[in-house]
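The primary structure of each chain is shown beneath.
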Amino acid sequence: MKVFITGASSGIGEALAYEYAKRYQNENTIIGLAARRSEHLQLLQQTLEACYNIKCAIYPLDVRDSAVLVAAANEFIQQYGAPNIVIGSAGVSSGTLTEYAEDTNAFQAVMDINVTGLVNTFQPFINAMRLAAQRGETAQLVGIASVAGIRGLPGAGAYSASKAAAIAYLESLRVEMLHHNIAITTIAPGYIRTPMTDINTYKMPFLMDADIAAHKFVNAIERKKRFVVIPWQMGWVARLMRLIPPVLWDFLAKNAPHKPRIDVQ
Ligand SMILES: NC(=O)c1ccc[n+]([C@@H]2O[C@H](COP(=O)([O-])OP(=O)(O)OC[C@H]3O[C@@H](n4cnc5c(N)ncnc54)[C@H](OP(=O)(O)O)[C@@H]3O)[C@@H](O)[C@H]2O)c1
């Protein structure tokens, strides 16, 4: 099993690395770990290699930089061959309010990381994965979107817009990749306990621990689900959110708690 994961230094990406290491504990398993904080990646690499008899390769990078992703993908492919699975989990979430000029930079950063970052992650792997799929190998691209992309959440315009864009982009890609036999899975998590949600002061319904979520995500990936909401209870919330007419949405959402506005680097 060969997996390449962005956002591997924390939260969902890190939990996914643990889940793959546990599931595929053998010397043929290679996990590529990418994120900006190299010391976190090094620690994770040491722990996974020591505990699970697998190999990890680390790629300290910013997903906004397409050139470094091309270099990382080329290095991974040269050393280990095409990955079976590439997971784009790198993402940021900050509350934004368009009425404040100082939030414009945060808006741009959220879009760049959560949307263009996904494109930058997948693009350099596609050709090698297409060839691997022709040889009968598994080839799958996985994007971590969010239930926040189903409707526009107040106070989170950038995050909701970025995740709506991610969902639409991944759907386009899914159809484009059909003739290459590369499967696309969109995962829309509800609330998962990670540093991203630790700063939320409001109640988070159906909050799920990251290790349990990662187990369910990998099950969905292995079933080659096209689109899945996890936990399942949030799947019903997402279905309802889609059906609500705008006038009712305004009424229901107007008093919703806002995510804290933080500086996004
Ligand atoms: N937690 C939830 O409830 C939830 C719900 C729905 C969707 N999601 C999505 O799940 C994904 C993972 O979130 P999480 O909860 O695991 O948050 P997290 O613990 O804050 O992890 C975010 C990860 O993304 C990486 N990252 C951020 N900006 C990056 C950049 N410019 N370049 C490279 N890596 C970058 C971070 O690493 P570095 O800082 O080291 O770069 C970190 O590894 C995100 O896409 C998020 O939107 C989360």
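Scroll up to find the structure.
To start, this report covers the structure provided alongside it. (Residues numbered from 1 in each chain as written. Predicted model: local features only at pLDDT ≥ 70, side-chain atom pairs only at ≥ 80, totals over all residues.)

## Here's the deal with the site of the ligand
Near the ligand, the surroundings consist of 30 residues, among which Gly7, Gly11, Arg36, Arg37 and Gly91 are the closest. Put simply, the parts of the chain that give the shell around the ligand at least two residues each are α1 (11-23) and α6 (195-198). Split into classes, the residues belonging to the shell around the ligand amount to 13 nonpolar, 13 polar and 4 charged. (Near = placed C-beta within 6 Å. Helix = DSSP H or I, 4+ residues; strand = E, 2+ residues; numbered from the N terminus. Nonpolar A, V, L, I, M, F, W, Y, C, P; charged D, E, K, R; others polar.)

## Quick notes on helix α8 (residues 232-243)
Given a rise of 1.5 Å per residue, 12 residues ought to cover 16 Å, and the 17 Å separating the end C-alpha atoms of α8 matches this to within 8%. When you tally the buried positions in α8, you get 1 out of 12 residues, a small fraction of the element. (Expected span 1.5 Å × (residues − 1). Buried ≥ 20, exposed ≤ 12 C-beta atoms within 10 Å, placed from the backbone.)

## Regarding unusual backbone geometry
Residues isoleucine 230 and proline 231 are joined by a peptide bond in cis, for which omega reads 0 degrees. Structurally, proline 231 is set in the loop between β9 (227-230) and α8. Even without glycine at this site, asparagine 53 takes up a positive phi of about 55 degrees. When you line up the elements, asparagine 53 lands in the loop between α2 (38-52) and β3 (55-60). Residues other than glycine seldom take positive phi values, yet phenylalanine 206 does so here, at roughly 60 degrees. Counting through the fold element by element, phenylalanine 206 comes out in the loop between α6 and β8 (208-209). The class for phenylalanine 206 is partly exposed, based on 15 C-beta atoms found within 10 Å.

## Here's the deal with the pairing of strand β5 (residues 140-144)
The buried fraction of β5 amounts to 5 of the 5 residues, a majority that puts the element mostly inside the structure. Of the two faces of β5, the one carrying Gln140, Val142 and Ile144 and the one carrying Leu141 and Gly143 are both buried. Two strands pair when backbone bridges link them, and strand β4 (residues 85-88) and β5 are joined in this way by 4 bridges, in the parallel orientation. In the sheet register, isoleucine 85 faces β5, and the bridge partner there is glutamine 140. The parallel pair β4 and β5 is bridged by helix α4 (residues 104-134), and the resulting crossover is right-handed. After leaving β5, the chain enters helix α5 (residues 157-176) and then returns to the sheet as strand β6 (residues 183-189), a path that is right-handed. (Pairing = 2+ DSSP bridges. Right-handed = clockwise from strand over helix to strand, strands pointing away.)

## Side note on the environment of glutamine 79
Examined against the element boundaries, glutamine 79 turns out to sit in helix α3 (residues 66-80). When the C-alpha positions of glutamine 79 and alanine 90 are compared, they lie 23 Å apart, and in sequence the two are 11 residues distant.

## Quick notes on the environment of arginine 130
Within the element layout of this structure, arginine 130 appears in helix α4. Counting along the chain gives 11 residues from arginine 130 to valine 119, while the straight-line C-alpha distance between them is 16 Å. Residues contacting arginine 130, with those up to four places away along its chain left out, are His180 and Ile182. (Contact = placed C-beta atoms within 7 Å.)

## Things to note about the nonpolar core
Core analysis: the biggest nonpolar cluster contains 75 residues, and Ile5, Leu16, Ala17, Ile31, Leu33, Ala34 and Ala214 have the highest contact counts within it. Discounting chain neighbours no more than four positions away, the residues touching alanine 17 are Ile5, Ala8, Ile31, Leu33, Leu44 and Leu48. (Core = buried A, V, L, I, M, F, W, Y, C linked by C-beta atoms within 7 Å.)

## Describing the packing of α4 against α5
Between α4 and α5, whose axes approach to 9 Å, the crossing angle comes to 20 degrees. One element, α4, and the other, α5, form an angle in the roughly parallel class. Regarding α4 and α5, the two cross each other, and that crossing is right-handed. Within the contact between the two elements, α4 uses Ala106, Phe107, Val110, Met111, Asn114, Val115 and Leu118 and α5 uses Ala158, Tyr159, Ala161, Ser162, Lys163, Ala165, Ala166 and Tyr169. Counted by class, the contact of α4 with α5 contains 12 nonpolar, 2 polar and 1 charged residues. (Axes fitted to C-alpha atoms, helices over the stretch in contact; angles between N-to-C directions. Parallel < 35°, antiparallel > 145°, perpendicular 65-115°, else oblique. Left-handed = near helix turned anticlockwise from the far one by under 90°.)

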